[in-house]
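# Observations on the three-dimensional arrangement
Listed below are the residues making up each chain.
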Amino acid sequence: MRSKVKEAARELGLDVELRTLDGSTATVAQAATALGVEQGQIAKSIVFVMDGEPVVVVASGRHRIDNDKVCVALDCAEARIASPDEVRAATGFPIGGVPPIGHGLPVLFDSALLDYELVYAAGGDGNTLFSVAPRQLAGSVHALVAQVGE
């Protein structure tokens, strides 16, 4: 999985170094603690099903994602978090390891992440992540940037 993320980063022109840690980074709290950073710097990638289609919402770890704001941003009627099986089928990655790149899905990017110089995103599994400038990340995947937090 990590090699898929590294290859996707290279193809997008992102120079990232994947870091695999001893402890789990599958949750925002675990990742922030392991890295010694604010929870808001953790760029969590959550797969949503929007009017029946998968979309990756990359959100700041400092807040929960507001389904209504996601629907407004993407002009859809229904948004729900994908099941673990739907996440794996849509991205090829497990929950807790979904990166913001390497899956080919549309990306909605939380504007709150732009408050940071660097953010940290999952690198394909629950122990691996990488740091990246948020504007560079959003631009590389042609993400729609919007407020998505509660």
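Data block above holds the structure.
A brief look at the structure comes next. By convention here, each chain's residues receive numbers from 1 onward along its written sequence. Totals for whole chains, interfaces and linings use all residues, but because this is a predicted model, local features are given only for residues with pLDDT of at least 70 and pairs of side-chain atoms are given and counted only at 80 or more. To obtain the side-chain values, all non-hydrogen atoms of the structure were included, while hydrogens and water were left out.

In this description a helix means any DSSP run of H or I spanning at least four residues, a strand means any run of E spanning at least two, and both kinds are numbered starting from the N terminus. Within the chain, the secondary structure is distributed over five helices and eight strands. When the helices and strands of the chain are read in sequence order from the N terminus, they spell out α-β-α-β-β-α-β-α-β-β-β-α-β. Along the longest, intermediate and shortest principal axes, the C-alpha atoms of the chain span 40 × 30 × 30 Å. Here's how the labels work: a residue is buried when its accessible area is under 20% of the maximum for its type, exposed when over 50%, partly exposed in between, all with a 1.4 Å probe on protein chains only. The burial tally for the chain puts 49% of its 150 residues in the buried class. Sequence separation of at least 24 residues holds for 63% of the intrachain contacts in the chain that already meet a minimum separation of 6. The Shrake-Rupley method, run with a 1.4 Å probe, gives the accessible areas here. Residue values count only the displayed protein chains as cover. Approximately 7200 Å² of the chain is accessible, and the part contributed by carbon and sulfur atoms is 48%. His is not counted, nor are the chain ends; Lys and Arg add positive charge and Asp and Glu add negative charge. For charged residues, the charge sits on one atom: NZ in Lys, CZ in Arg, CG in Asp, CD in Glu. When the 12 basic and 19 acidic side-chain charges of the chain are each reduced to a single mean position, those positions are 4 Å apart. It only takes one pair of heavy atoms within 4.5 Å for two residues to be counted as in contact.

As a further point, take the pairing of strand β2 (residues 42–50). Most of β2 sits inside the fold, with eight of its nine residues counted as buried. The sheet contact formed by β2 and strand β6 (residues 119–122) spans two bridges and is parallel. From the neighbouring strand, Ile42 faces β6, where its bridge partner is Tyr120. Two strands qualify as a pair provided that DSSP identifies no fewer than 2 bridges between them. Here β2 runs beside strand β3 (residues 53–60); their pairing, made up of eight bridges, is antiparallel. Bridge pairing in β3 links Ser45 to Val58. Here β2 folds back onto β3, and the loop between the two strands holds two residues, one of which, Asp51, carries a positive phi near 50 degrees. Pairing of β2 with strand β4 (residues 79–81), which is carried by three bridges, proceeds in the antiparallel orientation. Looking at β4, one finds that Phe48 is bridged to Ile81.

On to the state of the cysteines, then. For the purposes of this analysis, a disulfide is any pair of cysteine sulfur atoms at a distance within 2.5 Å. A full pass over the atoms with the stated rule returns zero disulfides. Of all cysteine sulfurs, the one in Cys76 lies closest to Cys71, which takes part in no disulfide; the gap is 3.3 Å.

The nonpolar core is taken to be a set of buried Ala, Val, Leu, Ile, Met, Phe, Trp, Tyr and Cys residues, with the residues joined through side-chain atoms within 4.5 Å. With 28 residues, the main nonpolar core has Leu14, Val58, Ile101, Phe109, Phe130 and Val132 as its most contacted residues. Beyond its immediate sequence surroundings of up to four residues, Phe130 is in contact with Val5, Val16, Glu17, Leu18, Pro100, Ile101, Val119, Tyr120, Ala121, Ala122 and Gly123. Val70, Cys76, Ala146 and Val148 belong to the second largest nonpolar core, which has 13 residues in total.

In this model, the largest pocket occupies a volume close to 360 Å³. Contributing to the lining of the largest pocket are 22 residues, with Ala26, Lys44, Ser45, Ile46 and Gly96 lying nearest its centre. The set of elements that each furnish at least two residues to the lining of the largest pocket consists of α2 (28–35), β2 and β6. The biggest single contributor to the lining of the largest pocket is β2, with six residues. Throughout, the protein atoms alone are placed on a 1 Å grid, and a set of points is a cavity if a 1.4 Å probe fits but cannot get out or a pocket if it is open with protein on both sides within 12 Å along at least five of seven lines; lining residues have an atom within 4 Å of a point. Grid points are joined across faces, edges and corners, and a volume is the space filled by probe spheres set on the points. In this structure, the second largest pocket encloses a volume near 150 Å³. As for the second largest pocket, its lining consists of Lys44, Ile46, Phe48, Arg64, Ile65, Asn67, Ile81 and Glu150. For the lining of the second largest pocket, the leading source of residues is β2, giving three residues. Just so you know the grouping, Ala, Val, Leu, Ile, Met, Phe, Trp, Tyr, Cys and Pro go in nonpolar, Asp, Glu, Lys and Arg go in charged, and all remaining residues, Gly too, go in polar. For the lining of the second largest pocket, the residue count by class is four nonpolar, one polar and three charged.

Keep in mind these numbers describe shape, not what the thing actually does.
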